[in-house]
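Observations on chain architecture
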Amino acid sequence: MKPPADRFRFHPYQRPAAGWGALRSVAHAWRDSKQPFKNLRAMLQTNQHGGFDCPSCAWGEAPGEGRIRFCENGAKAVNWEATGRAVDAAFFRQNSIKQLLKHDDYWLEYQGRLTEPMYFDGSGDHYRPIGWDEAFGIIAGHLNGLASPHQAAFYTSGRASNEAAFLYQLFARLYGTNNLPDCSNMCHEASGVALQQSIGTGKGTVTYEDFAHADAIFVIGQNPGTNHPRMLEPLREAVERGAQVVVLNPLRERGLERFQSPQDPLQMLTDGDSAMNTAFFRPALGGDMAAIRGIAKFLFQWQREAESEGAAGPLDLAFIADHSAGFEEYRAAVDATSWGHILAQSGLQRHELERAAHIFSRSDRVIFCWAMGITQHRHSVPTIQEFANLQLLRGQIGRPGAGLCPVRGHSNVQGDRTMGIADRPPPALLDALEQRFGFSCPREDGVNVVQTIEAMEQGKIKVFVGLGGNFAQATPDSPRTHRGLQSCQLTVQISTKLNRSHLVTGSKALILPCLGRTDIDRQATGPQAVTVEDSFSMVHASFGQLQPLSSQMRSEPAIIAGIAAATLGSDTVDWLSLIEDYGKIRDLIADVIPGFGDFNRKLEQPGGFYLQNPAAQRRWNTDVGKAKFISHRLPDSLLNEGVRHRARKPDLVLQTLRSHDQFNTTVYSLNDRYRGVRGERHVLFANLEDIHRLGFEDRQKVDVVSLWDDEIERRVQGFTLIAFDIPEGQAAAYYPEANPLVPLESYGIGSFTPTSKFIAVRLEQSTAPERIV
Ligand SMILES: Nc1nc2c(c(=O)[nH]1)N[C@H]1C(S)=C(S)[C@@H](COP(=O)(O)OP(=O)(O)OC[C@H]3O[C@@H](n4cnc5c(=O)[nH]c(N)nc54)[C@H](O)[C@@H]3O)O[C@H]1N2
Ligand SMILES: Nc1nc2c(c(=O)[nH]1)N[C@H]1C(S)=C(S)[C@@H](COP(=O)(O)OP(=O)(O)OC[C@H]3O[C@@H](n4cnc5c(=O)[nH]c(N)nc54)[C@H](O)[C@@H]3O)O[C@H]1N2
Ligand SMILES: [Mo]
């Protein structure tokens with residue numbers, strides 16, 4: 001079935017974020033689900049006690065009851081999952097894999113929910129239906145036939161529940177490998193790595209309530225109007241009560257400028273809106289570490305000036321003395337960084353940094369929020385450590401209304417890590433698993449996403465299992481990744497909807513259709529709840545509300561248990577009995593994972609329970625027992641060494657980002673309302689000066705070629721240039737269409753996260769056959 005699409009148009013959007021525009025969009029998503037009456041009930045149960053956790057982002061809930069707790073993009077996610085359209089055996093009979101590959105990602109997912117297990121046996125070009133037991137047998141046969149368990153990789157996307165994730169990692173480790181790459185490798189990995197070293201925990205230190213007490217909130221490299229719309233409300237409240245909201249973003253994202261609150265009837269009726277920031281700075285891509293260093297430089301300067309007059313300066317010397325290590329080295333590193341270097345790399349003026357520094361130093365309680373604009377860079381770990389350094393200077397961590405807040409992506413990506421989905425697992429986790437289950441865990445590091453693709457290329461990984469997600473499209477260097485998947489003996493996808501990962505297959509492939517967050521999950525003891533953890537470390541239960549579209553779908557825990565029982569037998573873990581009552585899985589989690597004691601009982605509290613954060617209590621689990629200033633040199637250049645020495649300089653630096661109508665590789669429509677684009681996703685946003693400088697015209701079609709240190713040509717064809725309000729030298733395009741441009745070897749130091757926000761590119765005349773758009 002052909003999904004709806006407009007003709008290509010671009011008109012800058014004049015309205016505020018959310019408000020009436022969002023309501024219209026919700027109504028559209030709801031009608032298009034093909035089961036509106038069923039879904040209305042579901043939408044109203046989103047994030048309510050006894051309802052289900054919104055399957056969209058990982059933002060947390062405001063405490064208290066009685067309000068509507070879903071946003072426009074949450075409603076889209078619910079209606080997209082709870083569709084009446086089915087992709088069944090008849091669908092696969094009619095459509096060969098080759099035919100399906102011709103369609104775009106929007107078309108594929110639009111076809112509906114996967115409803116029965118399907119098998120591609122390597123002959124012909126069609127998937128055919130298969131029974132569950134036979135499917136589990138095929139997986140077991142392949143896994144048990146490998147020369148080493150390290151020839152298998154078990155990927156996880158961040159929608160998997162705690163229960164599913166716990167079973168999955170237990171299975172992988174009992175099978176014998178830590179090869180547990182996950183979407184987090186491409187997402188907030190750098191935040192975890194950086195904060196673990198700096199403050200002894202990889203998680204954010206603030207809770208939802210802290211936002212109401214902050215004097216300043218810095219929103220850095222994040223577009224909450226689209227990706228975390230429920231964050232707009234606390235930001236608006238902050239501006240209204242006189243707090244500062246400081247944005248660092250090269251793009252003037254609408255949700256960070258003006259907002260019409262659907263929770264405010266007066267504002268809706270009068271068609272009013274609220275300002276969303278008190279200061280907006282537009283740095284160079286990758287320039288944030290330099291910007292923060294500039295702020296630190298002002299603080300040290302003002303401290304010296306104050307001390308010379310015998311006054312108190314902006315630094316919290318008592319906190320620094322009692323709680324931190326490495327202060328002197330950090331001061332030396334800041335002193336050694338020149339203003340010239342800071343200004344050139346940050347792309348900001350000195351007076352702008354001075355203003356940001358004033359706001360920071362005059363605010364007693366400051367929250368730093370960030371997302372992919374920070375983590376998807378080569379120097380992401382040092383940048384996040386620079387955030388921590390700055391906050392430590394004023395003793396912000398562990399103070400109410402202040403702290404560090406990496407705003408997570410997928411609704412349970414944080415929980416999946418807590419449950420042990422990790423390619424570099426902490427030894428304490430492995431010890432606990434060994435003690436509880438009596439087997440020896442593999443101790444060597446597993447592969448992350450980048451290493452999985454490299455290993456596939458080298459023929460070292462032969463079986464790939466995906467617990468959700470869309471590995472073929474979410475990953476960098478798409479043609480290489482596709483070849484990697486195709487070189488596997490078996491690829492298995494546990495999924496709700498059809499996507500390219502089902503079509504770019506190994507020699508053999510399985511599609512295992514699973515229940516989603518909205519579906520009722522009935523097992524032997526009745527309907528089951530699963531649990532998730534949000535960005536604020538709140539753990540709560542989620543109850544599916546809707547009758548599943550097909551009785552053949554199984555829950556994620558049931559599928560994992562089926563694979564595990566077929567592969568390993570049930571001597572060490574009685575997999576199938578755990579599925580009768582997920583409370584039994586939670587009892588195992590309670591035994592193994594810190595903070596989950598009495599798990600089943602704690603879930604009864606409305607809103608769930610809080611996993612304590614040691615840094616928020618000023619307990620520093622670092623190697624020195626203190627919070628650490630970690631001193632890095634500002635990188636000499638952000639460009640890769642090899643790229644820098646090429647004869648021709650890059651034309652532009654490209655970031656890849658999300659439109660308003662997508663959830664990662666799931667495309668809800670071809671529109672991007674706040675950026676004014678309709679009907680097309682193959683676009684390149686660029687500054688008009690640059691477009692002319694490079695000899696092109698607005699709306700002309702171009703090829704984009706990325707520059708890297710090897711001989712591989714990375715090209716996307718026929719992208720339409722859109723003259724846009726974007727700083728000179730920068731460009732932006734949508735993910736995943738631009739993923740073929742991201743070199744696999746271009747990743748963050750220490751995080752292995754592909755540098756999806758920093759790709760050196762050249763523009764060339766379009767070589768695409770003319771498409772009618
Ligand atoms: N509706 C919806 N919700 C989602 C998602 C979705 O796709 N759709 N995805 C979920 C997931 S998995 C994630 S991780 C989050 C992603 O949430 P975001 O991180 O907000 O997502 P992006 O679209 O990648 O936006 C990155 C923002 O960073 C800015 N930026 C890029 N480079 C730089 C830089 O160098 N410096 C600074 N200061 N800014 C920069 C961009 O201009 C853009 O505004 O959202 C989650 N929520
Ligand atoms: N260039 C570029 N690349 C990026 C990014 C970027 O900004 N730029 N962002 C990165 C980030 S932050 C992330 S998190 C990754 C995302 O990477 P993934 O998590 O792998 O990708 P998604 O698009 O979220 O996965 C969508 C698929 O998940 C399946 N699915 C949906 N719900 C469920 C469920 O409940 N259970 C199961 N089993 N399956 C389900 C559906 O089949 C759907 O097609 O992409 C990364 N890739
Ligand atoms: Mo993400």
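Refer to the structure presented above.
The shown structure was predicted, so the numbers you read here are calculated from the model rather than taken from an experiment.

Observations concerning the overall build of the chain
For the chain, the count of helices and strands is 30 helices and 33 strands. Computed over its C-alpha atoms, the radius of gyration of the chain comes to 25 Å, within 12% of the 28 Å expected for a compact globule of 773 residues. A principal-axis box enclosing the C-alpha atoms of the chain has dimensions of 80 × 60 × 55 Å. Looking at the chain residue by residue over its 773 residues, the buried ones come to 66%. Considering only residue pairs separated by 6 or more positions, the chain has 79% of its internal contacts joining residues 24 or more positions apart. Surface summary for the chain: the accessible area is close to 27000 Å², and the carbon and sulfur share equals 50%.

A closer look at the site of ligand 1
Close to ligand 1 lie 31 residues, the nearest being Asn 249, Glu 253, Asp 288, Gln 662 and Asn 664. The contact in question runs from a nitrogen atom of ligand 1 to an N or O atom on the backbone of Leu 248, over 3.0 Å. A distance of 2.7 Å separates an oxygen atom of ligand 1 from a polar atom in the backbone of Gly 286. Surface burial for ligand 1 is 99%, taken as the share of its 920 Å² of free accessible area covered by protein chains. At the level of elements, α10 (224-227), α18 (372-375), β25 (652-657) and β26 (662-663) are the ones that each hand at least two residues to the shell around ligand 1. Taken domain by domain, the shell around ligand 1 gets at least three of its residues from each of domain 3 (189-407) and domain 4 (641-765).

Focus on the layout of surface pockets
One number sums up the size of the largest pocket: a volume of about 1300 Å³. Mapped onto the lining of the largest pocket, the elements with two or more residues apiece are α9 (189-199), α20 (413-418) and α21 (427-437). Element by element, the count of residues in the lining of the largest pocket is highest for α9, at five residues. Grouping the amino acids of the lining of the largest pocket by side-chain chemistry returns 15 nonpolar, 16 polar and six charged. Composition of the lining of the largest pocket by domain shows at least three residues from each of domain 2 (99-185 + 412-421 + 432-571) and domain 3 (189-407).

Focus on empty space enclosed by the protein
Within this structure, the stated rule accounts for six cavities of 30 Å³ or more. Computed from the structure, the second largest cavity encloses a volume of approximately 200 Å³. Around the second largest cavity sit 18 residues that line it, and Leu 638, Asn 640, Ser 746, Thr 755 and Phe 758 are the ones nearest its centre. Counted by class, the lining of the second largest cavity contains ten nonpolar, six polar and two charged residues. Both domains that furnish three or more residues to the lining of the second largest cavity are identified here as domain 3 (189-407) and domain 4 (641-765).

Digging into the environment of Gln 303
Relative to the helices and strands, Gln 303 resides in helix α13 (residues 288-308). Look at Gln 303 and you get buried, because its relative accessible area is 5%. Excluding anything up to four places from it in sequence, Gln 303 contacts Gly 313, Pro 314, Leu 315 and Leu 317. Here the side chain of Gln 303 touches Leu 315 through a polar contact of 2.9 Å, landing on its backbone nitrogen.

Details of the site of ligand 2
Taken together, 31 residues lie around ligand 2, and Glu 109, Tyr 155, Ala 474, Glu 556 and Thr 665 are the ones closest in. A distance of 3.5 Å separates a nitrogen atom of ligand 2 from a polar atom in the backbone of Gly 468. At 2.7 Å from an oxygen atom of ligand 2 is found a side-chain nitrogen or oxygen belonging to Asn 499. Compared with its free state, where it exposes 930 Å², ligand 2 has 97% of that area covered by protein. Counted by class, the shell around ligand 2 contains ten nonpolar, 15 polar and six charged residues. Mapped onto the domain boundaries, the shell around ligand 2 takes at least three residues apiece from domain 2 (99-185 + 412-421 + 432-571) and domain 4 (641-765).

Considerations on the sheet that holds strand β8 (residues 216-220)
The sheet built from five strands is open, its strands ordered β12-β9-β8-β14-β15 with parallel pairing. Sheet topology places β12 (279-281) and β15 (403-406) at the edges, where each strand pairs with a single neighbour. Taking the axes of each pair of neighbouring strands and ignoring which way they run, one obtains an average angle of 15° across the sheet. Taken together, the five bridges between β8 and strand β9 (residues 244-248) define a ladder with parallel strand orientation. Looking across to β9, one finds that Phe 218 is bridged to Val 246.

Some remarks on the packing of helix α8 (residues 162-175) against helix α27 (residues 582-592)
In helix packing, the relevant descriptors are the interaxial angle and the interaxial distance, both defined with respect to the helix axes. Across the interface, α8 lies against α27 with an axial gap of 10 Å and an inter-helix angle of 65°. Relative to α27, the crossing made by α8 is left-handed. Mapping the contact onto sequence places Asn 162, Glu 163, Phe 166 and Leu 167 in α8 and Tyr 582, Ile 585, Arg 586, Leu 588, Ile 589 and Val 592 in α27. Looking at side-chain class alone, the contact of α8 with α27 contains seven nonpolar, one polar and two charged residues.

Conventions and cut-offs
Residues numbered from 1 in each chain as written. Chains lettered and ligands numbered in written order. Predicted model: local features only at pLDDT ≥ 70, side-chain atom pairs only at ≥ 80, totals over all residues. Heavy atoms only, no water. Helix = DSSP H or I, 4+ residues; strand = E, 2+ residues; numbered from the N terminus. Rg over C-alpha atoms; globule rule 2.2 N^0.38 Å. Buried < 20%, exposed > 50% of the residue type's maximum accessible area, 1.4 Å probe, protein only. Contact = heavy atoms within 4.5 Å. Areas by Shrake-Rupley, 256 points an atom, 1.4 Å probe, with all protein chains shown as cover. Near = heavy atom within 4 Å. Polar contact = N/O pair within 3.5 Å; in protein donor to acceptor, adjacent residues only side chain to side chain. Domains from an automatic or database assignment. 1 Å grid on protein atoms, 1.4 Å probe; cavity = no way out; pocket = protein on both sides within 12 Å on 5 of 7 lines; lining within 4 Å. Points joined across faces, edges and corners; volume = space filled by probe spheres on them. Nonpolar A, V, L, I, M, F, W, Y, C, P; charged D, E, K, R; others polar. Pairing = 2+ DSSP bridges. Axes fitted to C-alpha atoms, helices over the stretch in contact; angles between N-to-C directions. Left-handed = near helix turned anticlockwise from the far one by under 90°.

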